[in-house]
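Examining the three-dimensional arrangement
Chain residues, written in single-letter form:
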Number of protein chains: 2
Amino acid sequence: MTGTLKKWLTKIFKLYSGKDRKVAEAVHMITGGWPGNIQLYKLAMKHSSMANENAQGVKESNERLEYLGDAILGAVVAEYLFCKFPYKSEGFLTEIRSRIVNRETMNRLSKKIGVGTLVEYDHSTRGSISPKSLYGDTLEALIGATFLDKGFKWSRAFIIKKLIIPHFDIEEIVSNNLNYKSKIIEWAQKANREIRFDIVDIEEKNHLKKFTAQVFLEDKPLGVGYGLSKKKAEQDAALKSCDLLSID
Amino acid sequence: MTGTLKKWLTKIFKLYSGKDRKVAEAVHMITGGWPGNIQLYKLAMKHSSMANENAQGVKESNERLEYLGDAILGAVVAEYLFCKFPYKSEGFLTEIRSRIVNRETMNRLSKKIGVGTLVEYDHSTRGSISPKSLYGDTLEALIGATFLDKGFKWSRAFIIKKLIIPHFDIEEIVSNNLNYKSKIIEWAQKANREIRFDIVDIEEKNHLKKFTAQVFLEDKPLGVGYGLSKKKAEQDAALKSCDLLSID
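On a predicted model such as this, the values are computed, not experimentally measured, just so you know.

1. As for the overall build of chain A
When helices and strands are tallied, chain A shows 10 helices and 5 strands. Scaling as 2.2 N^0.38, a compact globule of 248 residues should have a C-alpha radius of gyration of about 18 Å, whereas chain A reaches 23 Å, well beyond that. Seen through its principal axes, chain A has C-alpha atoms that stretch 70 × 45 × 40 Å. Residue burial in chain A is summarised as follows: out of 248 residues, 47% are buried. Within chain A, contacts between residues at least 6 apart in sequence are counted, and of these 50% link residues at least 24 apart. When the accessible area of chain A is evaluated, it comes to approximately 13300 Å², of which 52% is carbon and sulfur surface. Averaged over its 39 positive side-chain charges, chain A has a centre that lies 8 Å from the centre of its 31 negative ones.

In structure tokens, the structure reads:
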């Protein structure tokens, strides 16, 4: 144990100096790997409010890395769910992916794993920066940096082993899916308002029935949902109505 | 040459038989690689109108592979543009990516490289299937199949070397971006008609401004366009107006 610690300390003291060492240690803690190209990770932490113009007149911030990381994260989670649910439809996979990867979850996760403490931004502009996007964007930029630094396989392992598996209960996310109807009914009861679910259309195609459900709040139409069963269409309509009413 | 041909023929006759051979040859022609798991590629060619239910009661079609391929394609093109344009903003990269990867371009490309001849779909339902999405979706499913069969690196090389570089003139896509406004103004001058560009909306979100531009032809509204700068929104609106007026 002491040997390992000594080796570890020697390594980081040899490789990085000063401020870089702090970043390298943090990246190691978060991703499980030591940075190869430390500059990538430093850039990933730099919010556009701290950007300097480079020789080409381009503002250097984490926005490009965020664009890349977002695409890599999307692909990795797509594959992860594809393999985890071999018998589920692409509609299901798309839905679950969007429940895992969205602004809110990424922001929460980013703060939870300590990315928040590393972000460099201009505190004087804080009022105009949504902290939600600040942290989530930085996590995506960090994913972009690991991808460029260590390649797809490594980056995939980081995303799955360090981000998805420990921080998302996929089974719960899937089953939560079925609770929107109860959620909105509960909300209506508390608010003492009348809510109603109607099946407004049934379309038959290729021996499949496609149901359209509509939620009404005191006869005012809210969300419309679709599904291959009444239950699914109602859940979909309930989900959309929850969004419309900002119930979460 | 004859030796290579013989080796080639022996290989495919040994590996694949009957209908599989036809699929294997087509996949080789399109992707440059021989299928490892031929079933993946056969599934990629199967439109949902031809789906059979498997033992788990799931319809087996290319829709799941399309979901996966779409994510992989997005990530590969994101990285390609990231590296190709090291000094461009993420707004530019996002814009150019959406010009390369969209339903129309994927559909056109799919037919051009011969994926169209391989698609299996129920011809009796053709009226209800948009051919546009049929071909593009199958190409995305094929990308999903190569990714599962041969991994990310191989799939990336296929996408870049066989799809992007030979079929997209990126420089032209980038510069085309800037020419629609001049084009429509020139057309209006020749036709002696009055044309006007207005910025009708500016939405601010995540430190980015999203502009909405509207083209008016003698006060009659034409195309509406969006972009992260006034110039881009106007170009987008101009492009859509050119389409509406059949100017090319």
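2. Notes on the interface of chain B and chain A
Taken together, the contact pairs 35 residues of chain B with 37 residues of chain A. Carbon and sulfur atoms supply 63% of the area buried between chain B and chain A, which totals about 3100 Å² over both sides. Broken down residue by residue, the surface that chain B buries against chain A is led by Arg64(B), Tyr67(B) and Phe82(B), which jointly contribute 27%. Where chain B packs against chain A, one counts 0 salt bridges.

3. Side note on the sheet that holds strand β5 (residues 220-227) of chain A
Residues and elements named next belong to chain A. One open sheet holds the 3 strands; their spatial order is β3-β4-β5, and the pairing between them is antiparallel. Lying at the two open borders of the sheet, with one neighbouring strand each, are β3 (195-205) and β5. Recorded for the sheet is a direction-independent mean angle of 20 degrees between the axes of neighbouring strands. Across 10 bridges, the pairing between β3 and strand β4 (residues 208-217) is antiparallel. The residue bridging arginine 196 from the neighbouring strand is phenylalanine 216, located in β4. Across the face of the sheet, helix α9 (residues 180-190) comes into contact with β3 and β4 while running at roughly 150 degrees to β3. On top of the sheet, helix α10 (residues 230-244) reaches β3, β4 and β5; it is set at about 135 degrees to β5, its chief contact.

4. Remarks on the packing of helix α4 (residues 63-84) of chain A against helix α5 (residues 90-100) of chain B
Running from N to C, α4(A) and α5(B) cross one another at 35 degrees; their axes reach a closest spacing of 8 Å. In this structure, α4(A) uses Glu63(A), Arg64(A), Tyr67(A) and Ala71(A) to contact α5(B), whose residues at the interface are Glu90(B), Leu93(B), Thr94(B) and Arg97(B). Here the residues of the contact of α4(A) with α5(B) are counted per class, giving 3 nonpolar, 1 polar and 4 charged.

5. A short note on the sheet that holds strand β5 (residues 220-227) of chain B
Residue and element names in this part refer to chain B. Pairing in this open sheet of 3 strands is antiparallel, and the strands run β3-β4-β5 from one edge to the other. Edge positions in the sheet fall to β3 (195-205) and β5, since each of these pairs with one other strand and no more. Averaged over neighbouring strand pairs, the angle between their axes works out to 20 degrees when direction is ignored. In this fold helix α9 (residues 180-191) packs onto β3 and β4 (208-217), with an angle of close to 155 degrees to the strand it touches most, β3.

6. So, the pattern of salt bridges
Residue and element names in this part refer to chain A. Scanning the entire structure with this criterion turns up 20 salt bridges over all chains. One salt bridge connects aspartate 198 with arginine 196, and the closest N-O pair in it is separated by 3.2 Å. The exposure class assigned to aspartate 198 is partly exposed, which follows from its relative accessible area of 25%. On the basis of relative accessibility, which here comes to 29%, the residue arginine 196 falls in the partly exposed class. Through salt bridges with shared partners, a single ionic network connects Arg196, Asp198 and Asp219.

7. Overview of a nonpolar patch on the surface
Together, Leu5(A), Trp8(A) and Leu9(A) make up a nonpolar patch on the protein surface, roughly 250 Å² of accessible area in all. Along the chain, the position of Leu9(A) falls in helix α1 (residues 2-15).

8. Considering the environment of Leu65(B)
Tracing the chain through its elements places Leu65(B) in helix α4 (residues 63-84). Distance from Leu65(B) to Ile143(B), taken between C-alpha atoms, is 8.0 Å for residues 78 residues apart in sequence.

9. A look at helix α6 (residues 103-112) of chain B
Considered for burial, the residues of α6(B) that qualify are Thr105(B), Met106(B), Asn107(B), Leu109(B) and Ser110(B). Positioned one or two residues after α6(B), Gly114(B) has a phi angle of 95 degrees, which is positive.

10. Notes on the side chain of Ser110(A)
One can find Ser110(A) in helix α6 (residues 103-112). Side-chain polar atoms of Ser110(A) contact the backbone oxygen of Tyr135(A), separated by 2.7 Å.

11. Brief notes about the domain arrangement of chain A
When its domains are assigned, chain A resolves into domain 1 (2-168) and domain 2 (178-244). Distance from the C-alpha centre of domain 1 of chain A to the C-alpha centre of domain 2 of chain A: 37 Å.

12. Observations regarding the packing of aromatic side chains
One pass over the structure, following the stated rule, counts 7 aromatic pairs over all chains. Note on Phe85(B) and Phe92(B): the rings are 5.1 Å apart at their centroids and 75 degrees apart in plane angle, and the pair reads as edge-to-face. Like Phe85(B), the residue Phe92(B) is buried in the burial classification. Through successive ring pairs, a cluster of aromatic residues spans Phe147(A), Phe152(A), Phe147(B) and Phe152(B). The cationic tip of Arg64(A) hangs over the ring face of Phe82(B); the distance from NZ or CZ to the ring centre is 4.3 Å. Positioned above the aromatic ring of Phe197(A) is the side chain of Lys181(A), whose terminal nitrogen or guanidinium carbon lies 4.9 Å from the ring centre.

Parameters and conventions
Residues numbered from 1 in each chain as written. Chains lettered and ligands numbered in written order. Predicted model: local features only at pLDDT ≥ 70, side-chain atom pairs only at ≥ 80, totals over all residues. Heavy atoms only, no water. Helix = DSSP H or I, 4+ residues; strand = E, 2+ residues; numbered from the N terminus. Rg over C-alpha atoms; globule rule 2.2 N^0.38 Å. Buried < 20%, exposed > 50% of the residue type's maximum accessible area, 1.4 Å probe, protein only. Contact = heavy atoms within 4.5 Å. Areas by Shrake-Rupley, 256 points an atom, 1.4 Å probe, with all protein chains shown as cover. Lys, Arg positive; Asp, Glu negative; His and termini not counted. Charge placed at Lys NZ, Arg CZ, Asp CG, Glu CD. Buried area = accessible area lost by both parts, 1.4 Å probe. Salt bridge = Lys/Arg side-chain N within 4 Å of Asp/Glu carboxyl O. Pairing = 2+ DSSP bridges. Axes fitted to C-alpha atoms, helices over the stretch in contact; angles between N-to-C directions. Nonpolar A, V, L, I, M, F, W, Y, C, P; charged D, E, K, R; others polar. Patch = residues over 30% accessible without salt bridge, like charges linked within 9 Å, V, L, I, M, F, W, Y side chains within 5 Å. Polar contact = N/O pair within 3.5 Å; in protein donor to acceptor, adjacent residues only side chain to side chain. Domains from an automatic or database assignment. Phe/Tyr/Trp six-rings, centres within 6.5 Å; stacked < 30°, edge-to-face > 60°. Lys NZ or Arg CZ within 6 Å of the ring centre and 35° of its normal.

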